[in-house]
Amino acid sequence: MRIIESVKEMQEYSEALRNTEHRIAFVPTMGYLHEGHLSLMREGRSRGDCLTISIYVNPTQFGPSEDLSSYPRDFEKDRKLCESVGADVILFPPDREMYPENYQTYVDVEGVTRNLCGLSRPGHFRGVATVCAKLFNIVKPHVSFFGKKDYQQLVTIKRMVKDLNMDMEVVGLPTVREKDGLAMSSRNTYLKPEERESALSLSRSLKKAKQMYDGGERNAARIIEEVTGYIKSFPHTRIDYVQICDTDTMKDMDALKSEAVIALAVRVGKARLIDNYVFGEPLSIP
Ligand code: AMP
């Protein structure tokens, strides 16, 4: 397994692979890898001749008061995990490679980024779209893998790839959860022991939303009210949003007519956790 820090070296490596008809699978991450990341990597391994993982904590997607400096990092552990799934390359660029002096170009995906995390984290998706566009130009993948845990991010990347005619497939994969239902996240490490139970309010409330939907409820406000009340009944929780949106447009819905996702962002102590459920899909939460 190669570890590449230079943009130029990565581009040359990928170009050589493309010229010899190799299929490049790519999983972009911010590191501190867990089973959620590994599920994307295993799928990438099975669908590409070369599997490249990027590990880069992208400063442009963090707001000024967010956790950029405290974001967890453990490159040695990540390296071993990448090796364990048979990755070929880790792209591990320093900031000066990604955003050299005088950098001034950003990608703004409009409609789908304007709701949900776009409201509570201004500039976040501009940073995400920009870094992904750059990584795609550096890694030159045929197929890239993203988690549905970050549902709005997946929709944003799919939109960007389509709108900018990027010649690449984007695959979304299911959320991997702990046994008790908590969606795996590098940020779960921020949870203090007494907050861990409260973090379960997210997944458990999604189960409640599913039960209401399966029982025939189609009124978004009623589901949101139930979910909000449930999350608030746990200590240490502070809701950023509970919303039900159309899965294509990410716009709020009143009645669940087309395909809909319920999306949550909740602060539990100093961790800001997100989770979601697409109505009608399976959900395995105890
Ligand atoms: P991150 O390192 O948090 O930026 O995540 C990198 C990729 O892993 C993104 O596509 C995420 O959606 C995905 N991911 C993160 N957590 C999970 C999870 N629990 N299950 C599936 N995919 C995940």
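The shown structure was predicted, so the numbers you read here are calculated from the model rather than taken from an experiment.

J.: Which parts of the structure should I look at to understand the overall build of the protein?
T.: Looking only at helices and strands, the protein features nine helices and nine strands. In terms of overall dimensions, the protein is globule-like: its C-alpha atoms have a radius of gyration of 19 Å, near the 19 Å expected for 286 residues. The buried share of the protein, taken over its 286 residues, is 54%. Taking the intrachain contacts of the protein between residues at least 6 apart in sequence as the baseline, contacts between residues at least 24 apart amount to 73%. Carbon and sulfur atoms make up 47% of the accessible area of the protein, which amounts to about 13500 Å² in all. Here the protein carries 40 positive and 41 negative side-chain charges, and the mean point of each set is 2 Å from the other.

J.: Explain the pairing of strand β3 (residues 50–55) here, please?
T.: Here is the key point about a regular strand: its side chains alternate between the two faces of the sheet. Within β3, six of the six residues are buried, leaving the element largely enclosed by the surrounding structure. Of the two faces of β3, the one lined by C50, T52 and S54 and the one lined by L51, I53 and I55 are each fully buried. Bridging between strand β2 (residues 24–29) and β3 involves six bridges; their strand directions are parallel. Bridged to A25 within β3 is L51. For the crossover from β2 across helix α2 (residues 35–47) to β3, the handedness is right-handed.

J.: Would you mind showing me how to read the sheet that holds strand β5 (residues 143–147) here?
T.: Backbone-to-backbone hydrogen bonds join strands into a sheet, with any given pair of strands oriented parallel or antiparallel. Ordered in space as β1-β4-β3-β2-β5-β6, the six strands form an open sheet in which the pairing is parallel. Edge strands, defined here as strands with exactly one partner in the open sheet, are β1 (2–4) and β6 (169–173). Going from strand to strand, the sheet's axes swing by 25° on average, the running direction of each strand aside. Strand contacts of helix α6 (residues 124–139): β2, β3, β4 (89–91) and β5, with the helix running at about 145° to β2, the strand carrying the most contacts.

J.: Would you take a moment to explain the site of the ligand for this structure?
T.: Not every one of the 17 residues close to the ligand is listed here, only the nearest: M30, H37, D150, V176 and M184. Within the backbone of V176, one N or O atom sits 2.8 Å away from a nitrogen atom of the ligand. Notes on the ligand: free accessible area 490 Å², of which the protein chains cover 93%. Taken together, the elements giving at least two residues each to the shell around the ligand come down to β2, α2 and β5. With three residues, the top contributor of residues to the shell around the ligand is α2. Of the residues in the shell around the ligand, the class split is eight nonpolar, seven polar and two charged.

J.: In this structure, what is going on with the pairing of strand β8 (residues 260–268)? I would like to understand it.
T.: Counting buried residues in β8 gives eight out of nine residues, a clear majority hidden from the surface. Pairing between strand β7 (residues 237–246) and β8: nine bridges, direction antiparallel. Bridged to T237 within β8 is V268. As paired strands, β8 and strand β9 (residues 271–278) are joined by eight bridges and run antiparallel to one another. For I262, the partnering residue across the bridge sits in β9 and is Y277. Linking β8 back to β9 in an antiparallel pair, the connection comprises two residues, with G269 at a positive phi of about 60°.

J.: Looking at this structure, I do not really get the sheet that holds β8. What am I missing?
T.: Taken in spatial order, the three strands line up as β7-β8-β9 in an open sheet, and their pairing is antiparallel. The strands lining the two open edges of the sheet, one partner per strand, are β7 and β9. Each adjacent strand pair in this sheet contributes to an overall mean axis angle of 15°, direction not counted. Against the sheet, helix α8 (residues 193–214) makes contact with β7, β8 and β9, and its axis sits at roughly 165° relative to β8, the strand it touches most. In the packing of helix α9 (residues 220–232) onto the sheet, the strands contacted are β7 and β8, and the crossing angle to β7 comes to about 160°.

J.: I keep staring at the domain arrangement of the protein and nothing clicks. Help me out?
T.: Interfaces are often sized by the accessible area lost when the parts come together. Entries for the protein in the domain assignment read domain 1 (2–173) and domain 2 (186–276). A separation of 26 Å is found between the C-alpha centroids of domain 1 and domain 2. With 22 residues of domain 1 in contact, the opposing surface of domain 2 contributes 20 residues. Here domain 1 and domain 2 share an interface that buries about 1700 Å² over both sides, 52% of which is from carbon and sulfur atoms. Broken down residue by residue, the surface that domain 1 buries against domain 2 is led by N115, L116 and Y151, which jointly contribute 33%. At the junction of domain 1 and domain 2, the tally comes to one salt bridge. Among the salt bridges present, the one from D67 reaches R187, with a minimum N-O distance of 2.9 Å. At the boundary of domain 1 with domain 2, the tally comes to 11 residue pairs in polar contact (both at pLDDT 80 or more). Taken together, the elements giving at least two residues each to the side of domain 1 that touches domain 2 come down to α5 (117–120) and α7 (151–163). For the side of domain 1 that touches domain 2, the leading source of residues is α7, giving three residues. Taken together, the residues of the side of domain 1 that touches domain 2 break down into nine nonpolar, eight polar and five charged.

Rules used in this analysis
- Residues numbered from 1 in each chain as written.
- Predicted model: local features only at pLDDT ≥ 70, side-chain atom pairs only at ≥ 80, totals over all residues.
- Heavy atoms only, no water.
- Helix = DSSP H or I, 4+ residues; strand = E, 2+ residues; numbered from the N terminus.
- Rg over C-alpha atoms; globule rule 2.2 N^0.38 Å.
- Buried < 20%, exposed > 50% of the residue type's maximum accessible area, 1.4 Å probe, protein only.
- Contact = heavy atoms within 4.5 Å.
- Areas by Shrake-Rupley, 256 points an atom, 1.4 Å probe, with all protein chains shown as cover.
- Lys, Arg positive; Asp, Glu negative; His and termini not counted.
- Charge placed at Lys NZ, Arg CZ, Asp CG, Glu CD.
- Pairing = 2+ DSSP bridges.
- Right-handed = clockwise from strand over helix to strand, strands pointing away.
- Axes fitted to C-alpha atoms, helices over the stretch in contact; angles between N-to-C directions.
- Near = heavy atom within 4 Å.
- Polar contact = N/O pair within 3.5 Å; in protein donor to acceptor, adjacent residues only side chain to side chain.
- Nonpolar A, V, L, I, M, F, W, Y, C, P; charged D, E, K, R; others polar.
- Domains from an automatic or database assignment.
- Buried area = accessible area lost by both parts, 1.4 Å probe.
- Salt bridge = Lys/Arg side-chain N within 4 Å of Asp/Glu carboxyl O.

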